[in-house]
Amino acid sequence: MQRYQDGDAAAFEPLYRRHRDAVYRYLLRGVQQPALAGELFQDVWTGVVRARGDWQPRARFATWLYRIAHNRLIDHWRSTTQGKEALPDEADDDGRPPPPELWAPAHERPDQRLLQQERAGRLQQALAALPLVQREAFLLHEEGGLTLDEIAELSQVGRETIKSRLRYALAKLREALADV
């Protein structure tokens, strides 16, 4: 990021390649609509380009990147939920789960892909059922690879609060997926 900030445009490509899939999955699991996730994804990377001069090397690039993604997701939730805690349960505009290529490697057999797609749909439903703060902590930890301290800083709450949110989220996910 330092090279990109200093004007080396080619340095952007490895950053983008390294983080694009996880950022997209984070956004997709946050909004549950591929088209909307794609729009937010573009907004996030546009934000990276615009704010590159503001980046400070005191934190990992991933922390800074997920702060941008987190803020964009929060802005979206605020504009669509008008302060409500939960998001709709639909997996997509037409009720179908996300395409299996987001969840399963292309080389798997069709029966394995079907099973994986069913599991992915159940995971999506279980994630959607989590309270917003638990889902956010879980996704930042699992998709973003952020530490408890990084999530706490990003969310502006204490480390123990994040630890508790993750513990409750994991317990609820285990319960919801117990018979899978």
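This text goes with the structure placed above it.
Colleague: How should the side chain of Glu150 be read in this particular structure?
Modeller: Here Glu150 is to be found in helix H7 (residues 148-155). Its relative accessible area of 13% is what places Glu150 among the buried residues.

Colleague: Sorry, what's going on with the packing of H7 against helix H8 (residues 159-176) here?
Modeller: Relative placement of two packed helices is described by the angle separating their axes and the distance separating the axes. Running from N to C, H7 and H8 point in directions that differ by 105°, and their axes come no closer than 8 Å. Considering the angle they form, H7 stands roughly perpendicular to H8. Here Leu148, Asp149, Ile151, Ala152 and Ser155 of H7 come into contact with H8, specifically with Arg159, Ile162, Lys163 and Leu166. Its residues placed into classes, the contact of H7 with H8 shows five nonpolar, one polar and three charged.

Colleague: Quick question: what am I supposed to make of unusual backbone geometry here?
Modeller: Trans is the prevailing form of peptide bonds, just as negative phi is the prevailing case for residues other than glycine. The phi angle at Gln32 is positive, at roughly 65°, despite the residue not being glycine. Checked against the element boundaries, Gln32 lands in the loop between helix H2 (12-31) and helix H3 (34-51). Given a relative accessible area of 2%, Gln32 falls into the buried group. At Gln156, a residue that is not glycine, the phi angle is positive and equals roughly 60°.

Conventions we followed
- Residues numbered from 1 in each chain as written.
- Predicted model: local features only at pLDDT ≥ 70, side-chain atom pairs only at ≥ 80, totals over all residues.
- Heavy atoms only, no water.
- Helix = DSSP H or I, 4+ residues; strand = E, 2+ residues; numbered from the N terminus.
- Buried < 20%, exposed > 50% of the residue type's maximum accessible area, 1.4 Å probe, protein only.
- Axes fitted to C-alpha atoms, helices over the stretch in contact; angles between N-to-C directions.
- Parallel < 35°, antiparallel > 145°, perpendicular 65-115°, else oblique.
- Contact = heavy atoms within 4.5 Å.
- Nonpolar A, V, L, I, M, F, W, Y, C, P; charged D, E, K, R; others polar.

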